[in-house]
Amino acid sequence: MVEIKDVKKIAEEEIRLVNTIEKLENFENKYLSKKGILTRILRSLKKLNPEERKKVGKEANELKEFLKKEIDFRRKQLKERDVEEKEKKEWIDITIPAKKIERGHIHPITLIRTQIEDIFQKMGFSIVEGPEIENEWYNFDALNIPKEHPARDMWDTFWLRQNGLKMQNSKLKMNQRLLLRTHTSPVQIRYMEKHKPPIRIIAPGRIFRYEATDASHEINFYQVEGLMIDRNISIANFKFIMEEFFKEFFGKETKIRLRPSFFPFTEPSFEIDVKCSICNGKGCSVCSYRGWIEMAGAGMVHPNVLKAVKINSEEWQGFAFGLGLDRLTMMKYKINDIRLFYSGDLRFLKQF
Ligand code: DAH
């Protein structure tokens, strides 16, 4: 019969070497399972005489309890160690400064558009929008530009196809033909159809021209349309509003002039020039040695336009203007090529 003392000694030795949960389980099996050493010892007790049986039995049971406790203790230890190691591996230093996420920013055209909107809003104008796909009536007819009028040549138009047919050849009523708007002026018509005067709006938006590109021409660019309709609106009112705008936008010293021009939807019509800020009117390459730079088309709204939207031109008058948003942005930032706005070149865009 083995001595319980010896078994205990060996077991203690063995458990000291146990360094994984797996090994601990093997150890537990070896001593305490159904076929384990201690179970076998306890089973063999019946072979002993009563006295020995009592003594060895007691010792064996004590050892069993002892091993159970040891195993529990060791298991707890190993589990804690495992958790600690896992945490160590997964540890992150939350005090390290975060990697900067690169943020996009607003395009220069949008930046200037919001500045323009702010200035006009302060003067009581609302901001409205219209569709980029227009029909011929809004883009031309309602603006007093009839089909055969030579003024249609002023706007090189992208016509749209419908049902695979070239729209220009389709059987639709002529003025229903679709196109990409060539100016923001159709928004005037859309607004006046739905709203009664007095009216004070601006309509910024993208427009399209079918033409060759160069440093000052693009196939799409931006305009800000303006319209003010009320009783007794005169050229003096118009000039004042325009002067206020340009002074706010370019600075207090800014000078503007009105130059006679022609647009079918205004009478009289003007071109608004701003005194060149580069040469102060003396003439330089930026203003083509004219001393003035053209910034907008404008004029007093033609009675035929008011008639098209059923507004009585005896009672209501007003003015309209179309600012070149790209041109204004180019002047403000001294940009010399309109194509930079649409090139997506980050070296350019990152400067704003
Ligand atoms: N729509 C004109 C263009 O694209 C600009 C313009 C001229 C707008 C006179 C107006 C205006 O509202 O009154 O060239």
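Conventions used here
Residues numbered from 1 in each chain as written. Predicted model: local features only at pLDDT ≥ 70, side-chain atom pairs only at ≥ 80, totals over all residues. Heavy atoms only, no water. Domains from an automatic or database assignment. Pairing = 2+ DSSP bridges. Helix = DSSP H or I, 4+ residues; strand = E, 2+ residues; numbered from the N terminus. Contact = heavy atoms within 4.5 Å. Axes fitted to C-alpha atoms, helices over the stretch in contact; angles between N-to-C directions. Polar contact = N/O pair within 3.5 Å; in protein donor to acceptor, adjacent residues only side chain to side chain. Core = buried A, V, L, I, M, F, W, Y, C linked by side-chain atoms within 4.5 Å. Buried < 20%, exposed > 50% of the residue type's maximum accessible area, 1.4 Å probe, protein only. Near = heavy atom within 4 Å. Areas by Shrake-Rupley, 256 points an atom, 1.4 Å probe, with all protein chains shown as cover. Disulfide = S-S within 2.5 Å. Salt bridge = Lys/Arg side-chain N within 4 Å of Asp/Glu carboxyl O.

## Points about the domain arrangement of the chain
Line of reasoning, step 1. Domains assigned within the chain are domain 1 (4-89) and domain 2 (108-130 + 182-349).
Line of reasoning, step 2. The gap between the C-alpha centroids of domain 1 and domain 2 is 94 Å.

## Some remarks on the sheet that holds strand 9 (residues 256-263)
Line of reasoning, step 1. Judged by pairing direction, the sheet is mixed, and its 7 strands sit side by side in the order 1-7-8-12-11-10-9 without closing on themselves. Bordering the open sheet on either side are strand 1 (126-127) and strand 9, each of which pairs with just one other strand.
Line of reasoning, step 2. Where strand 10 (residues 266-275) meets strand 11 (residues 292-301), 8 bridges bridge the pair, whose relative direction is antiparallel. Its bridge partner lying in strand 11, Lys275 is registered against Trp292.
Line of reasoning, step 3. The sheet strands contacting helix 5 (residues 108-122) are strand 1, strand 7 (199-208), strand 8 (220-230) and strand 12 (317-324), and the helix crosses strand 7 at an angle near 165°.

## Comments concerning the side chain of Asp273
Line of reasoning, step 1. Note on placement: Asp273 falls in strand 10.
Line of reasoning, step 2. Here the side chain of Asp273 touches Arg259 through a polar contact of 2.7 Å, side chain to side chain.
Line of reasoning, step 3. With near-sequence residues (within four places) excluded, Asp273 lies in contact with Lys255, Ile256, Arg257, Arg259, Trp292, Ile293 and Glu294.

## Remarks on the nonpolar core
Line of reasoning, step 1. Formed by 44 residues in total, the largest nonpolar core has its most connected members in Ile116, Phe120, Met242, Phe245, Phe246 and Leu323.
Line of reasoning, step 2. Excluding its chain neighbours within four sequence positions, the residues that come into contact with Met242 are Phe120, Ile256, Ile272, Phe321 and Leu323.
Line of reasoning, step 3. Among the nonpolar cores identified, the runner-up in size contains 27 residues, and Val128, Ile199, Leu306 and Trp316 belong to it.

## Considering the site of the ligand
Line of reasoning, step 1. Around the ligand sit 16 residues in total, of which His183, Ser185, Arg209, Gln223 and Glu225 are the nearest.
Line of reasoning, step 2. The separation between a nitrogen atom of the ligand and a polar side-chain atom of His183 is 2.9 Å.
Line of reasoning, step 3. Between the ligand and the protein, one listed contact pairs an oxygen atom with a side-chain N or O atom of Gln188 at 3.1 Å.
Line of reasoning, step 4. Protein contact buries 93% of the 350 Å² of open area that the ligand shows by itself.
Line of reasoning, step 5. Listed by contribution, the elements that provide at least two residues to the shell around the ligand are strand 8, strand 11 and strand 12.

## Topic: the pairing of strand 11
Both faces of the sheet carry side chains from a regular strand, because those side chains alternate between them.
Line of reasoning, step 1. For strand 11, the buried fraction is high: 9 of the 10 residues fall into the buried class.
Line of reasoning, step 2. Bridge count for strand 11 against strand 12 is 5 bridges, and the pairing is antiparallel. For Gly299, the partnering residue across the bridge sits in strand 12 and is Ala320.

## Focus on the state of the cysteines
Line of reasoning, step 1. A full pass over the atoms with the stated rule returns 0 disulfides.
Line of reasoning, step 2. Among the cysteines around Cys276, which has no disulfide bond, Cys279 carries the closest sulfur, lying 3.7 Å off.
Line of reasoning, step 3. Cys279 provides the cysteine sulfur closest to Cys287, a residue in no disulfide bond, and the two sulfurs are 3.7 Å apart.
Line of reasoning, step 4. For Cys287, a relative accessible area of 2% corresponds to the buried category.

## Topic: the pairing of strand 10
Line of reasoning, step 1. Where burial is concerned, most of strand 10 is hidden: 7 out of the 10 residues are buried.
Line of reasoning, step 2. Bridge analysis of strand 9 against strand 10 gives 7 bridges, and the strand direction is antiparallel. Counted as the bridge partner of Ser261 is Ser269 from strand 10.
Line of reasoning, step 3. Connecting strand 9 to the next strand, strand 10, in antiparallel fashion are 2 residues.

## Focus on the sheet that holds strand 2 (residues 133-135)
Line of reasoning, step 1. As summarised here, the arrangement of the 3 strands in space is 2-6-3, forming an open sheet in which the pairing is antiparallel. A single partner strand is all that each edge strand has here, and the edge strands are strand 2 and strand 3 (158-159).
Line of reasoning, step 2. As judged from the 3 bridges shared by strand 2 and strand 6 (residues 178-180), these two strands associate in the antiparallel manner. The partner of Ile133 across the bridge, within strand 6, is Leu180.

## Things to note about the pattern of salt bridges
Working definition: two side chains of opposite charge can pair if their charged atoms are close together.
Line of reasoning, step 1. Tallied over the entire structure, the rule returns 18 salt bridges.
Line of reasoning, step 2. Where Asp82 meets Arg81, a salt bridge forms, and the shortest distance between an N and an O atom there is 3.2 Å.
Line of reasoning, step 3. We classify Arg81 as partly exposed; its relative accessible area is 31%.
Line of reasoning, step 4. Between Glu136 and Arg177 there is a salt bridge; the shortest N-O distance is 2.7 Å. In this pair, Glu136 is assigned in helix 6 (residues 136-139) and Arg177 in the loop between strand 5 (165-166) and strand 6, connecting sequence segments 41 residues apart. Of the two residues, Glu136 and Arg177, neither departs from the other in class, the shared state being buried.
Line of reasoning, step 5. The structure contains a network of salt bridges with shared partners spanning Arg257, Arg259, Asp273 and Glu294.

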